[in-house]
Amino acid sequence: MVTSLTEALVVGPGIETHVRRRRRLSFRLGVWLSALLVVFVTVAAVDPSLLASGAPDTINLGHSFIAPSWSHLLGTDPSGRDVYTRVIYGARQSLVIGLLATLIAMVIAIILGVTAGLGGRWVDALINRFLEVLFAFPGLLLAFLFVAIFGTGVVTEVVAVAVGSAPGYARMIRGQVLAVKGSGYVEAAYALGHAPRRVISRQIVPNAMRPLVVLATMGVGQSIVWASSLSFLGLGVAPPSPEWGAMLDAGRDYTLQAWWLEIFPGLAIVLCTLAVTSLGRYFQQKLDGGIGA
Amino acid sequence: MPSLSTKVGLWTRHRMLRRLVGRVAGVVGVLFAVSTLTFLAAHLMPGDPALTILGGAGSHPTRVELLAIDRQYGFDKSLVVQYVTFTGHLLLGNLGTSYILKERVSTIIAQQMGPTFVLTIVSLVLSWVLAVGGTLLTARRNRYTSAFGSGAEIFVAGLPQYWLGIILMVVFAFRLRWFPVEGGTGVAGLVLPALTLAIPLAGFIGQVTRDEFSSVMEQPFVLSARTRGMGDTGVRVRHALRHSILPGITLSGWALGSLFSTAVIVEAVFARQGLGQVLVNAVSQRDIPVVIGVTLLVAVVYVVANLLVDLVYLVADPRLRSAG
């Protein structure tokens, strides 16, 4: 970091490590909280019955619109279903959609990016032009276009989010491949007489993929937000299901009487995204700073 | 020799002009490809557009009715003929007729564009005010203030717009009753939607501005300004701020496009009139001409905004003119 380096030059190394240690401590706390939250969400996604005793779709009209209390932590919805239970059960769908969308986006991006980076001038120019055209659409708009063409539904929602985010990743991967291709150790590998195929599979691709871990982690957060945006607009998962965006959509008409229907599923999305993103940032610092940071 | 310097001046100017022309040509090419891509994508669509026009899957039109529609809209022609017609019409500003509303797409867009445009511009300005204000107040202050500032920026940048919109609506419209709940097209009705769009964006712009601000504050010219006896506020506003908003300006081109598309969500939350409502309805009813029309408009805005940013940069930063 520029700041601490210059400070260190002025006031001496002692202060610098002191500041850094303090910063690391508060940073660590955030990372631990995020990790804890991710574990919690993962447990909810794998086996929701561990965290919630009821069923997400038990209708109990006598218990509709109960404000948050000890018996219903996050209140109940118009049909008397427990919001906490539904949020817990919704984790699976939201998480799976986010993960799948990121995975598909990454696969598309890796194919495009690696081909562009290694394919020579013409291939590179062609793919670059194609990406440039895709960049003319803001990502979310690309997702809308995709839904318009293939209709609403879970599968289109996942692919739409993937298509919307892939161009950005592809460009980054291409840059990464080009950077690695021109680096000293690749040149050295060629100089040692290794076959191009071997250099590509052993040196270029693995090294270009390394920053992807971070990219993918942060991508999951964005995918969850985009997917829930589509559901919220009624263009993705349909309301009876407890997916978080769909819950928000279903609660829209009751915002005035029952604010908890809108606040808590949204909070789930926000916290989940925030946790995933700050873990991504943590990995990034680890990668950038190497052993020292 | 005076002639040498004028020659150099002309030469650089000429070179700048060439770059400029190149950029504009590139943009025209991209927009042409964009329209082709949307056309092809729309024609990959599974299902019969004639059926959509006649009322969707629930209706049972006769073969004769379907054929009549096919002829009226030109679906019976080959893809190439349809493409040429589409492009020709596009060049004349004709975006076709809505399948559902049976109205010209250009008319629909012209009617609904105003509120969305106002919302987008107001949000962009507002987010700049918030970002610059936040940076000036919190960057490079004591540790806790700076930490609070950058933490808030990260948090706010990650907020999904629809949720932020709902929160603002619940707090300020339902509880405090400061602003109308929805629908208002006046200034009061604009406040909450604009804030909803501006706050997350301010987080993004703020992060970039803050980074740059912090590194500029380390520069020798800042130190020399201080030794000349300039106060802290003066240094921040007159020296550091100017440099630190440059990367944010680059972001603004991207921001304008993404604001335009996230405005769709915010308009849905606040039940505001605008292109967003038009687009969401068109997407869910698969009203392809309207989807294409709105998409192309947003793409044009996005690409042109980025072009303008580049041009502003060329004018503002002399270092870029000579480079490559």
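Note: the structure precedes this text.
What you are looking at is a predicted structure, and each value in this text was computed from that prediction instead of being measured.

### Thoughts on the interface of chain B and chain A
Each partner contributes residues to the interface: chain B has 45 residues there, and chain A has 40 residues. Buried surface at the junction of chain B and chain A, both sides included, amounts to about 3800 Å², of which 78% is carbon and sulfur. Counting the surface chain B buries against chain A, the share from its top three residues, Tyr162(B), Trp163(B) and Val283(B), is 17%. In this assembly, chain B and chain A are joined by 0 salt bridges. Our count for the chain B to chain A interface comes out at 3 residue pairs in polar contact (both at pLDDT 80 or more). Put simply, the parts of the chain that give the side of chain B that touches chain A at least two residues each are α1 (2-44), α6 (143-157), α7 (161-175), α11 (246-269), α12 (275-285) and α13 (288-316) of chain B. A per-element tally of the side of chain B that touches chain A places α11(B) first, with 8 residues.

### Notes on the nonpolar core
A general tendency of soluble globular proteins is for nonpolar side chains to be buried together. Phe144(A), Leu233(A) and Trp244(A) are the most contacted members of the largest nonpolar core, which has 130 residues in total. With 12 residues, α13(B) is the single largest residue contributor to this core. Viewed by domain, this core spans two of them, domain 1 (4-91) and domain 2 (107-322) of chain B, each represented by three or more residues. Excluding anything up to four places from it in sequence, Trp244(A) contacts Val41(A), Val87(A), Gly90(A), Ala91(A), Ser94(A), Pro265(A), Ala268(A), Ile269(A) and Cys272(A). In terms of nonpolar packing, the next biggest core, distinct from the first, is built from 21 residues, Val114(A), Leu131(A), Ala162(A) and Ala208(A) among them.

Rules and cut-offs
- Every chain's residues receive numbers from 1 upward, in the order its sequence appears when written.
- In the order they appear in the text, chains get letters beginning with A and ligands get numbers beginning with 1.
- Local features in this predicted model are restricted to residues whose pLDDT is 70 or higher, and side-chain atom pairs enter the listing and the counts only when it is 80 or higher, whereas totals over whole chains, interfaces and linings include all residues.
- The basis for every side-chain value is the complete set of non-hydrogen atoms in the structure, without hydrogens or water.
- Residues count as neighbours in contact if any of their non-hydrogen atoms are within 4.5 Å of one another.
- Using a 1.4 Å probe, buried area is obtained as the accessible area two parts lose upon being combined, added over both of them.
- Salt bridges, as used here, are contacts in which a Lys or Arg side-chain nitrogen is within 4 Å of a carboxyl oxygen on Asp or Glu.
- Under the rule applied, a polar contact is a pair of N or O atoms within 3.5 Å (in protein, one hydrogen donor and one hydrogen acceptor; residues adjacent in sequence only if both atoms are side-chain atoms).
- Each helix corresponds to a stretch of at least 4 residues labelled H or I by DSSP, and each strand to a stretch of at least 2 residues labelled E; elements are numbered beginning at the N terminus.
- The criterion is simple. A nonpolar core is a set of buried Ala, Val, Leu, Ile, Met, Phe, Trp, Tyr and Cys residues joined through side-chain atoms within 4.5 Å.
- Think of it in three bands: residues with accessible area under 20% of the maximum for their type are buried, residues over 50% are exposed, and the middle band is partly exposed, with areas taken using a 1.4 Å probe on protein chains only.
- Where each domain begins and ends follows an automated or database-derived domain assignment.

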